[in-house]
Amino acid sequence: MLKTGPGREHAYDPVEFAQKHGLTLRQAEIVIHANEPSKHKCLAAPIFLQAMKELAKNRENRSPG
């Protein structure tokens, strides 16, 4: 469940966040929930995407060749 309450009027909509950062809706919801949902403060998406790239790269390097 996404955080709600006062001061959340500037929070990202998960669909908007997902589209902006190339995430799935579920990934966007997780990033928003785990971090600050403010459009001005949420810097987690680029970090999340970089981690996903590194994970994929590591998996490719470990696969039997």
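Rules used throughout
- Residues numbered from 1 in each chain as written.
- Predicted model: local features only at pLDDT ≥ 70, side-chain atom pairs only at ≥ 80, totals over all residues.
- Heavy atoms only, no water.
- Helix = DSSP H or I, 4+ residues; strand = E, 2+ residues; numbered from the N terminus.
- Buried < 20%, exposed > 50% of the residue type's maximum accessible area, 1.4 Å probe, protein only.
- Contact = heavy atoms within 4.5 Å.
- Arc of directions from axis to C-beta.
- Core = buried A, V, L, I, M, F, W, Y, C linked by side-chain atoms within 4.5 Å.
- Salt bridge = Lys/Arg side-chain N within 4 Å of Asp/Glu carboxyl O.

Colleague: Please explain the side chain of H21 as it appears in this structure.
Modeller: By secondary structure assignment, the location of H21 is in helix α1 (residues 14–21). Given the relative accessible area of 18%, H21 is considered buried. The contact partners of H21, leaving out residues within four places of it in the chain, are Y12, A45, P46 and L49.

Colleague: Where do I start with α1 in this structure?
Modeller: Structurally, the α-helix is built with 3.6 residues per turn, so residues lying three or four positions apart point the same way. Buried within α1 we find P14, F17, A18 and H21. End-on, the buried residues of α1 take up no more than an arc of 100 degrees, which puts them together on one face. Opposite its buried face, α1 presents the exposed residues Q19 and K20, each directed more than 90 degrees away. At the exit of α1 stands G22, carrying a positive phi of roughly 70 degrees.

Colleague: Looking at this structure, I do not really get the nonpolar core. What am I missing?
Modeller: Burial of nonpolar side chains together is a common tendency in soluble globular proteins. Judged by nonpolar contacts, Y12, F17, A18, L23, A28, V31, I32 and A45 together constitute the single largest core of eight residues. Listed by contribution, the elements that provide at least two residues to this core are α1 and α2 (25–34). Per element, the largest residue contribution to this core is three residues, and it comes from α2.

Colleague: In this structure, what is going on with the pattern of salt bridges? I would like to understand it.
Modeller: Once the charged atoms of two side chains with opposite charge are near each other, the side chains can pair. Taken as a whole and assessed by the stated rule, the structure comprises one salt bridge. One salt bridge connects E29 with R26, and the closest N-O pair in it is separated by 3.6 Å. Of this pair, E29 and R26 both sit in helix α2, three residues apart, which is roughly one turn of the helix. Residue class for E29 comes out partly exposed when judged on its relative accessible area of 27%. Classification of R26 as exposed rests on a relative accessible area of 54%.

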